[in-house]
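Here's the letter readout for the chains.
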Amino acid sequence: MALIAFFFFTIFFCNISIITSQAIPKFTSILVFGDSTVDTGNNNHILTIAKGNHPPYGQDYPNHIPTGRFSNGKLVPDILAILLNLKKNGVPPYMQPDLPTNELLTGICFASGGTGYDELTSTISGAIPMRKQLDYFKEYLRKIRVLVGEIEAERIVNGALVIVSAGTNDFIFNFYDLPKRRLRFSLSKYQDFLLGKVQSFVKELYDLGCRNIIVNGLPPIGCLPIQMTAKSPLLRTCINKENFDAQIYNQKLEHLLLQLQAHLPGSKILYIDSYAFVSDLINNAQEYGFEETKRGCCGSGLVEAGPLCTRLSPVCSDPSQFIFFDSIHPTESTYYKATDYLLKQLLPKFEKF
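Residues numbered from 1 in each chain as written. Predicted model: local features only at pLDDT ≥ 70, side-chain atom pairs only at ≥ 80, totals over all residues. Heavy atoms only, no water.

## Section: the nonpolar core
In this structure, Leu31, Leu80, Phe137, Tyr140, Leu161 and Leu205 are the most contacted members of the largest nonpolar core, which totals 92 residues. The element that contributes the greatest number of residues to this core is helix H8 (residues 187-207), accounting for nine residues. Judged by nonpolar contacts, the second largest core, of nine residues, contains Tyr57, Cys297, Cys298 and Phe325. (Core = buried A, V, L, I, M, F, W, Y, C linked by side-chain atoms within 4.5 Å. Buried < 20%, exposed > 50% of the residue type's maximum accessible area, 1.4 Å probe, protein only. Helix = DSSP H or I, 4+ residues; strand = E, 2+ residues; numbered from the N terminus.)

## Details of the state of the cysteines
By definition, a disulfide links two cysteine residues through a covalent bond between their sulfur atoms. Under the criterion given, the structure shown has three disulfides. Covalent S-S linkage joins Cys223 and Cys238, the inter-sulfur distance amounting to 2.1 Å. Between Cys223 and Cys238 the disulfide shows an S-S torsion of about 115 degrees. By sign, it is right-handed. Placement of Cys223 in the loop between strand E4 (212-216) and helix H9 (225-231) and of Cys238 in the loop between H9 and helix H10 (240-263) is noted, with a sequence separation of 15 residues between them. Judged by relative accessible area, which is 7%, Cys223 ranks as buried. Given the relative accessible area of 25%, Cys238 is considered partly exposed. Shown here is the disulfide that connects Cys297 with Cys316, its sulfur atoms set 2.0 Å apart. Judged by the sign of its S-S torsion, about -100 degrees, the cystine formed by Cys297 and Cys316 is left-handed. Of the two residues, Cys297 is situated in the loop between helix H11 (274-283) and helix H12 (332-346) and Cys316 in the loop between H11 and H12; the sequence distance between them amounts to 19 residues. (Disulfide = S-S within 2.5 Å.)

## Side note on the sheet that holds strand E3 (residues 161-165)
Within the open sheet, the five strands sit side by side as E2-E1-E3-E4-E5. Their pairing is parallel. Two strands lie at the open edges of the sheet, namely strand E2 (107-109) and strand E5 (268-272), each paired on one side alone. Across the sheet, the mean angle from the axis of one strand to that of its neighbour is 15 degrees, orientation sign disregarded. Direction of pairing for strand E1 (residues 30-34) relative to E2: parallel, over a ladder of three bridges. Pairing of Leu31 across the sheet is with Ile108, part of E2. (Pairing = 2+ DSSP bridges. Axes fitted to C-alpha atoms, helices over the stretch in contact; angles between N-to-C directions.)

## With respect to unusual backbone geometry
Comment: phi is negative for the bulk of residues other than glycine, and the bulk of peptide bonds are trans. Following Pro55, the chain continues into Pro56 via a peptide bond in cis, with omega recorded as 5 degrees. Positive phi, close to 60 degrees, is recorded for His64, a residue that is not glycine. Turning to its location among the elements, His64 is positioned in the loop between E1 and helix H2 (76-83). Of the residues examined, His64 reaches a relative accessible area of 58% and is grouped as exposed.

## Section: H2
When you tally the buried positions in H2, you get seven out of eight residues, the bulk of the element. Within H2 the residues assigned to the buried category are Val76, Pro77, Asp78, Ile79, Leu80, Ala81 and Leu83. Two residues or fewer after H2 comes Asn85, characterised by a positive phi angle close to 60 degrees.

## Thoughts on the packing of aromatic side chains
Given two aromatic rings, one states the distance between the centres and the angle between the planes to describe the pair. Going through the model one piece at a time under the given rule, you end up with 20 aromatic pairs. Summarising the aromatic geometry, the rings of Phe33 and Phe110 are spaced 5.0 Å apart at their centres and angled 10 degrees between planes, so their arrangement reads as stacked. One end of the pair, Phe33, is in strand E1; the other, Phe110, is in the loop between E2 and helix H4 (119-125), with 77 residues separating them in the sequence. Note on Phe110: relative accessible area 1%, which makes it buried. Geometrically, the ring pair formed by Phe33 and Phe137 is edge-to-face, given 5.5 Å between the ring centres and 90 degrees between the ring planes. Note that Phe33 is positioned in strand E1 and Phe137 in helix H5 (residues 130-148), a separation of 104 residues in sequence. Through successive ring pairs, a cluster of aromatic residues spans Phe33, Tyr94, Phe110, Tyr136, Phe137, Tyr140 and Phe201. Above the ring of Phe175, the side-chain terminus of Arg182 is found at 5.9 Å from the ring centroid. (Phe/Tyr/Trp six-rings, centres within 6.5 Å; stacked < 30°, edge-to-face > 60°. Lys NZ or Arg CZ within 6 Å of the ring centre and 35° of its normal.)

Structural data, given as structure tokens:
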């Protein structure tokens, strides 16, 4: 098994090296904002129950360390940063107290598990709000200006690859499972409310110097194991209504990002179609080497996530055969495939501008 895994990743890295050398621009840095899909450990340093700094999280990370990443190993920003020759060991969290100053220049993560575009989401979870992530980014800008000067700092930020990944928690926390926002908004109006937040967030990133931005759409929320447990516990089928809602939101988001790019000179703003990607993995699981799509690897795989996925939870023998590591978050294997999608299908588009 170890030899097969080594062979697979050798082929993967060889293919990626060919792609990155031919079709993808040389980014100066990688900057990450959003939720637990991209949080590399910021939640370790704040008061929240949404933490991944305990086993079995990180069991396949280098040295088997639970770093706060909500997976068994690396996340997409980590893998991207390594393959783009920006980092050796992934993207560090901004809140890390012993963060070497040189790490600031090649990329940093501001994301926080449990957050969303809606401020109410982070109030419920105790996560770092998206607004606060921007405040930390402004603080970061001041730090790198001191380190390298105004001109070089501007070059680094202008040339950075910026990843924004959020939105799922907003719908789960505020509309589906804890329906506080349903008292005020119809679904369509809530989607528009969130998209207004996205627009403001991207515009502020642009005003602060960011030019190369990719924004993640919603996954098929109704196919998350925890959503099937809540609403289809016996049949364990995807919740079609939630998936349909996600598709409508994504259509609006994609349109919004095109409009933003047209109105922000010099910007390159791309939409990540995570819905289509994850749906393809689920519907054609065996083609991608997966055996399990309806539950996570941790514990029963039905409800465990964050504080419920602990060192006492039994873990599947081979996480690479699971799309999800816990009842919400993907495995490292899924994240490798997502990175492959980004490198082959999305990032080469930056060269076409």
